[in-house]
Amino acid sequence: MLMGNPLKATSPAALGWRVAAEWERHEATWLAWPHDSETWPHELNQLEAMYLEIIGHLQEGEKVRILVENERIQDQALRKLRERNIAQNISFHLIETDSPWIRDYGPVFLAGKGRKQALVNWRFNAWGRKYDSYQKDNQVPDALASELKLEQFQPGLVLEGGAIDVNGLGTCVTTESCLLNPNRNPALTREG
């Protein structure tokens, strides 16, 4: 496990890991079942319907891994999926979340030689503390590393997964307004 300034630590790339490009073939899509009434006070039913549609399309060609708060929510989600005849390539993981937007707080998976995987565990603070509740989301990468028995790298930066784009060859693009924002990484500068 690596922690601290990522510029001083041995990088995952130096150890043979890489982040796959967005468009590369992948094994699974991770989702978190929506339940957050703070973010979605009146739209939760609509959001669930959209998730069901998305899962219906995804499960035709890849695994869909869904985080759920508890067994009751898992049973409800499973019932709704079965009502729509969506039943293949789906697995549930009992991991609590605050928000359904796992792309931002979930880990970035790394590919190694062979089929080996690891993950990067960025710190998450709910889009610069836009919301008070984010502690559960911030724990998701740790929980997944433990459950999946994957090595993890912790660069110590606050970053949302949706704020980066990678090409699979070592280039990562982000914006200063996100990464260098004082409400995320106040001590970080362009130079490091």
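Preceding this paragraph is the structure being described.
Notes on the structure in this doc start here. Model, not experiment: these values are computed from the prediction.

Check the secondary structure of the protein chain and you find six helices and eight strands. Along the protein chain, helices (α) and strands (β) appear in the sequence β-α-β-α-β-α-β-β-α-α-β-β-β-α when read from the amino end. For a compact globule of 192 residues, the expected C-alpha radius of gyration is about 16 Å, and the protein chain comes in at 17 Å, within 12% of that figure. A principal-axis box enclosing the C-alpha atoms of the protein chain has dimensions of 55 × 40 × 25 Å.

The subject of this paragraph is the environment of Leu 157. Following the sequence through the fold, Leu 157 ends up in the loop between strand S6 (151-153) and strand S7 (165-166). Given the relative accessible area of 13%, Leu 157 is considered buried. Separated by 32 residues in sequence, Leu 157 and Asn 125 place their C-alpha atoms 10 Å apart.

In this section: the sheet that holds strand S4 (residues 108-111). Judged by pairing direction, the sheet is mixed, and its three strands sit side by side in the order S4-S5-S6 without closing on themselves. The outermost strands of the open sheet, each flanked by one partner alone, are S4 and S6. For this sheet, the mean angle separating the axes of adjacent strands, direction not counted, is 30 degrees.

Strand order across the open sheet formed by three strands is S1-S2-S3, with parallel pairing between neighbours. Edge positions in the sheet fall to strand S1 (28-32) and strand S3 (90-94), since each of these pairs with one other strand and no more. Ignoring which end each strand starts from, the neighbouring axes of this sheet average 25 degrees apart. Where S1 and strand S2 (residues 63-68) come together, five bridges link them in parallel fashion. Looking at S2, one finds that Leu 31 is bridged to Ile 66.

Glancing now at the layout of surface pockets. Size it by volume and the largest pocket reaches roughly 1400 Å³. Lining the largest pocket are 39 residues, and of these His 26, Ala 28, Thr 29, Trp 30 and Phe 109 lie nearest its centre. Of all the elements in the fold, those that place two or more residues in the lining of the largest pocket are S1, helix H1 (44-58), helix H3 (102-105), S4 and helix H5 (135-148).

Calculation notes
- Residues numbered from 1 in each chain as written.
- Predicted model: local features only at pLDDT ≥ 70, side-chain atom pairs only at ≥ 80, totals over all residues.
- Heavy atoms only, no water.
- Helix = DSSP H or I, 4+ residues; strand = E, 2+ residues; numbered from the N terminus.
- Rg over C-alpha atoms; globule rule 2.2 N^0.38 Å.
- Buried < 20%, exposed > 50% of the residue type's maximum accessible area, 1.4 Å probe, protein only.
- Pairing = 2+ DSSP bridges.
- Axes fitted to C-alpha atoms, helices over the stretch in contact; angles between N-to-C directions.
- 1 Å grid on protein atoms, 1.4 Å probe; cavity = no way out; pocket = protein on both sides within 12 Å on 5 of 7 lines; lining within 4 Å.
- Points joined across faces, edges and corners; volume = space filled by probe spheres on them.

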